[in-house]
Structure formats: C-alpha cells, structure tokens
Amino acid sequence: MRVSVSHQPVAVFPGSFDPLHLGHADIISRATQIFPRLIVGILENPNKQTVFTPDERLGMVRSLYANDPAVEVRLFSGLLVNFLQQMRATIIIRGMRAVSDFEYEFQMALMNRRLSPAAETVFLTPKEEYSYLSSRLVREVVTLGGDVSGLVPEPIRSLLEERLRR
Ligand code: ADP
C-alpha cells in the first residue's frame, strides 16, 4: 500500500540541540533543499539534564534561522508522532552519522511508524567533516577549555563558553 503524503510534505527535525552544532545545521540545510517547510522540534525532557533550558535552546535556534522562512523552530514534549500530528507533518528527519547511529535510529523509525503509519523517517548524512560531531563532545571540549570554533555557530560558541567555563 502506498503511504499517501500531501504534495508539499512538512518535515520535522527533532532533537535536544543542547547545543545545536554545525552537524545539525548541515542536516537542516540539506532537509530544506528537499522539503519546502521544516520544523526544528526541540525536545523538552524534564528527565534529562541539559546545559541550556528549553527556552534558551529555542531562542538560540530561532535567532539562527530568523531570516530563513523555510525553517520554523518549536518546543515539544511527549511522543514525537503527536507533535507531527499537531504540526500536520508526515516526515521525520534524522541525521545518520555512522553505523553506530544505525541501530537506535532503526528502532525509533520502526516504532514511530507503528505509532503512526503515516510517519516516514528520512535519514540524511552530514558532510564528512561534521560526521564525528555530537552535542556531548562539543560540551566536553568547551568544559575542558578547548576551541570549538568552526564546529558550532559563533553566537552559540560564546554562550557555551560563558555557561560552561564559569
Ligand atoms: P538526540 O536528542 O536525539 O540525542 P541530538 O540533539 O543530539 O539528538 O540530535 C538530533 C538529530 O541530529 C539526530 O537525528 C542526530 O542523529 C542528528 N545529529 C546529531 N549530530 C549530528 C551530526 N554530527 N551530523 C548529522 N546529524 C547529527
């Protein structure tokens, strides 16, 4: 059976984005080449300790994409498929860095399809130079005094340094 999607499918790119780095930005830019409307969904998870609050992450990502009409940024909590429904979206964008991402991503994609058969997960791969990047690694390097310029957007780099090197 063919999964029916509207002619202009809306895509959601979910994640914690604590913080957003250039691997995420690369996926966002690739996704907007394919989908006319992309919603970056920032997960509010009260059980997960984050460096930046949900509102701070929302503000940071919104200001980065303030001039890009194809990108909308929102907070969400709970099931991703419920957020998709609220946004009238059918596509889930995920980044696939390496084989190590595969197993978890594969399970999530199948679970999301089970929860909502209309949800289709699309995997995109980043530029090689960003394929080893993760928010956790960026946070660790900044905490230990390393330089992450060229790996995170400049405004985010200064906010991270302020927050983690006090
Ligand atoms: P999560 O909260 O799911 O751990 P993140 O906020 O770290 O997620 O990432 C959100 C999405 O971005 C995931 O699909 C993840 O695979 C993808 N991603 C993370 N880092 C990179 C990277 N360096 N290149 C491409 N995609 C990435």
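**Q** How should the overall build of the chain be read in this particular structure?
**A** Looking only at helices and strands, the chain has 6 helices and 5 strands in total. Start at the N end of the chain and walk to the C end: the helices and strands fall as β-α-β-α-β-α-β-α-β-α-α. The principal-axis extent of the C-alpha atoms belonging to the chain is close to 55 × 35 × 30 Å. Counting over 166 residues, the chain shows a buried share of 42%. Within the chain, contacts between residues separated by at least 24 positions form 74% of all contacts whose residues are at least 6 apart in sequence. With an accessible surface of roughly 9,700 Å², the chain has 52% of that area assigned to carbon and sulfur atoms. Averaging the locations of the 19 positively and 18 negatively charged side chains of the chain gives two centres separated by 6 Å.

**Q** I would appreciate a short explanation of the sheet that holds strand β4 (residues 91-95) in the present structure.
**A** Strands pair in a sheet through their backbones, by hydrogen bonds, and they do so in one of two ways: parallel or antiparallel. If you trace the 5 strands from one edge of the open sheet to the other, you get β3-β2-β1-β4-β5, paired in parallel fashion. Since the sheet does not close on itself, it has two edges, and those belong to β3 (71-76) and β5 (120-124), each with one partner. Direction aside, neighbouring strands of the sheet carry axes that sit 30° apart on average. Sheet analysis places strand β1 (residues 10-15) next to β4, joined by 2 bridges and oriented parallel. For A11, the partnering residue across the bridge sits in β4 and is I91. The sheet strands contacting helix α2 (residues 54-64) are β2 (37-43) and β3, and the helix crosses β3 at an angle near 175°.

**Q** Sorry, what's going on with the site of the ligand here?
**A** Surrounding the ligand, one finds 17 residues, the nearest of these being S16, F17, G95, Y130 and L133. Between an oxygen atom of the ligand and a main-chain N or O atom of F17, the distance comes to 2.9 Å. Contact between the ligand and H21: a nitrogen atom at 3.3 Å from a side-chain N or O atom of the residue. For the ligand, the accessible surface in isolation is 550 Å², of which the surrounding protein chains cover 87%.

**Q** Honestly, the pairing of β4 in this entry has me stumped. Any pointers?
**A** The side chains of a regular strand alternate between the sheet's two faces. For β4 and β5, the ladder comprises 5 bridges, and the chain directions are parallel. The residue bridging I93 from the neighbouring strand is V122, located in β5. Considered for its hand, the β-α-β crossover made up of β4, helix α4 (residues 99-115) and β5 is right-handed.

**Q** How do you make sense of the environment of L38 when you look at a structure like this?
**A** Secondary-structure assignment places L38 in strand β2. With a relative accessible area of 0%, L38 lands in the buried category. Considering only alpha carbons, one finds L38 and A11, 27 residues apart in sequence, at a separation of 4.9 Å.

**Q** It is not clear to me how unusual backbone geometry should be interpreted in this structure. Could you clarify?
**A** Backbone phi values are negative for most residues with the exception of glycine, while trans is the configuration of most peptide bonds. The omega torsion across D18 and P19 is 5°, close enough to zero to call that bond cis. Locating P19 in the fold gives a position in the loop between β1 and α1 (22-34). Positive phi, close to 50°, is recorded for F17, a residue that is not glycine. Given the relative accessible area of 3%, F17 is considered buried. Phi at R88 takes a positive value of approximately 55°, unusual for a residue other than glycine.

**Q** How should I be thinking about the nonpolar core in this particular structure?
**A** Nonpolar side chains in soluble globular proteins tend to be buried together. With 31 residues, the main nonpolar core has L20, I28, L38, V40 and I93 as its most contacted residues. At the level of elements, β1, α1, β2, α2, β3, β4, α5 (135-143) and α6 (154-164) are the ones that each hand at least two residues to this core. For this core, the element with the most residues is α1, which contributes 4 residues. Ignoring anything within four residues of it in the chain, the contact list for I28 reads F13, L20, L38, V40, Y65 and V71. Counting residues in hydrophobic clusters, the runner-up holds 11 residues, among them I39, F83, M87 and A89.

Cut-offs and rules
Residues numbered from 1 in each chain as written. Predicted model: local features only at pLDDT ≥ 70, side-chain atom pairs only at ≥ 80, totals over all residues. Heavy atoms only, no water. Helix = DSSP H or I, 4+ residues; strand = E, 2+ residues; numbered from the N terminus. Buried < 20%, exposed > 50% of the residue type's maximum accessible area, 1.4 Å probe, protein only. Contact = heavy atoms within 4.5 Å. Areas by Shrake-Rupley, 256 points an atom, 1.4 Å probe, with all protein chains shown as cover. Lys, Arg positive; Asp, Glu negative; His and termini not counted. Charge placed at Lys NZ, Arg CZ, Asp CG, Glu CD. Pairing = 2+ DSSP bridges. Axes fitted to C-alpha atoms, helices over the stretch in contact; angles between N-to-C directions. Near = heavy atom within 4 Å. Polar contact = N/O pair within 3.5 Å; in protein donor to acceptor, adjacent residues only side chain to side chain. Right-handed = clockwise from strand over helix to strand, strands pointing away. Core = buried A, V, L, I, M, F, W, Y, C linked by side-chain atoms within 4.5 Å.

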